[in-house]
Amino acid sequence: MNYGEGLTYVYAVAWDSAALRAFLSRLHGISGAPVFLVGENEASAYRGAVPDAPDTLAFVAGRVSRQEFDESTLKRRFEDLEWLEGIARAHHDVVQTVAARDTVLPLRMATVYQSDDRARQALAAQRDVFVERLTLLHGRSELGVKLYVMPGPPSAVVGEPSGAADAASLSPGKAYLRSRRAQHSERETRYQRAERVADRVEDVAAGFSRHRVRHPAQRGELASGPEENVLNDAYLVAADQAEAFRKALTDTVEDAEGVRIEVTGPWAPYSFAMPPPPRPEASPAPMPPIGGNG
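Residues numbered from 1 in each chain as written. Predicted model: local features only at pLDDT ≥ 70, side-chain atom pairs only at ≥ 80, totals over all residues. Heavy atoms only, no water.

### Quick look at the packing of aromatic side chains
In step 1: Within this structure, the stated rule accounts for 6 aromatic pairs.
In step 2: Ring plane angle 55° and centroid distance 4.8 Å describe the contact between Y9 and Y11, whose orientation is recorded as tilted. Accessibility classification places Y9 together with Y11 in one group, the buried group.
In step 3: Where F59 meets Y113, the ring centres are 6.0 Å apart and the plane angle is 25°; that geometry is what we call stacked. (Phe/Tyr/Trp six-rings, centres within 6.5 Å; stacked < 30°, edge-to-face > 60°. Buried < 20%, exposed > 50% of the residue type's maximum accessible area, 1.4 Å probe, protein only.)

Set out below in structure tokens:
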């Protein structure tokens, strides 16, 4: 591929610096193309900041094929799961590599522009939001917190009559109903226990971070085996507190029977890339679900 003739693919937003440019000179992204900065401190009709200022922004960018990433082709490609997985992995690898070194604002996969100058135009148009987000994310990483309810004992065991006389006195239908009632009761007990654990987890996590995003619980193919995911949150935690956060939450759930916690990360802050929707001023309404690392 002739990298100079492709579309401009943007991975993330970062603060522009000579050190970051040097670091990216060794990094490659989608299709092995070099990664570089498209900055507002470069000559452009859309420059939005004073050149060489310490708070100038840049897109972390690369080149992609026009034939592969034009709008009509992308619509078809997004149905090709194998292709999509490869692009998603390459996108994530670039973002995660930069995030390990600098504050980074991840962008949606397959965000492309016709040229670097068009990208700078978009950078200038969203400058205020980008600066606000990067300021919030400085020195922080995303950690995922999931709670799982463990499966109960088999139905053949739960609710089984305690003695031979009892067993003999029950018809198969009554024995089945007793088993189902006991199973339901045991299930409710596990959920109530998980709810209490979730409250404790939130209290402990609040001591480390005021910024939380609540994702939908994972279901279907995303679920982890027979366990049921009942909590799927993301927290923005100071980088030097990540391990203390992990230990505090793990210790909180250590003695909770039938409940398991999983703390993942640190990740690039995908869940905090953009501000949440504003709260309605009139009648209250349910808060919309949010979105990493799940």
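### Comments concerning the sheet that holds strand β1 (residues 7–15)
In step 1: If you walk across this open sheet you meet the 4 strands as β2-β3-β1-β4, and the pairing is antiparallel. Here the strands that pair on one side only, and so sit at the sheet edges, are β2 (35–39) and β4 (104–113). Across this sheet, the average inter-strand angle for adjacent strands is 30°, counted without regard to direction.
In step 2: With 5 bridges connecting them, β2 and strand β3 (residues 57–64) associate as antiparallel partners. (Pairing = 2+ DSSP bridges. Helix = DSSP H or I, 4+ residues; strand = E, 2+ residues; numbered from the N terminus. Axes fitted to C-alpha atoms, helices over the stretch in contact; angles between N-to-C directions.)

### A short note on the pairing of β3
In step 1: A large share of β3 lies buried, amounting to 8 of its 8 residues.
In step 2: Burial along β3 is two-sided: L57, F59, A61 and R63 facing one way and A58, V60, G62 and V64 facing the other are all buried.
In step 3: Direction of pairing for β1 relative to β3: antiparallel, over a ladder of 8 bridges. Looking across to β3, one finds that W15 is bridged to L57.

### Some details on the environment of Q241
In step 1: For Q241, the location among the structural elements is in the loop between β7 (228–238) and α9 (242–253).
In step 2: Among the residues examined, Q241 registers a relative accessible area of 34% and is labelled partly exposed.

### Some details on the environment of R260
In step 1: Note that R260 resides in strand β8 (residues 259–267).
In step 2: Accessibility expressed as a relative area gives 25% for R260, which makes it partly exposed.
In step 3: Here the alpha-carbon distance between R260 and M150, two residues 110 residues apart in the chain, equals 7.1 Å.
In step 4: Among the polar contacts listed, one links the side chain of R260 to the side chain of E227, at a separation of 2.7 Å. (Polar contact = N/O pair within 3.5 Å; in protein donor to acceptor, adjacent residues only side chain to side chain.)

### Details of helix α5 (residues 116–125)
In step 1: Of the residues making up α5, those classed as buried are D116, A119, R120, A122 and L123. Seen end-on, α5 carries its buried residues on one side only, within an arc spanning 160°.
In step 2: As for α5, its buried residues are in contact with β1, β2, β3, β4 and α6 (127–137). (Arc of directions from axis to C-beta. Contact = heavy atoms within 4.5 Å.)

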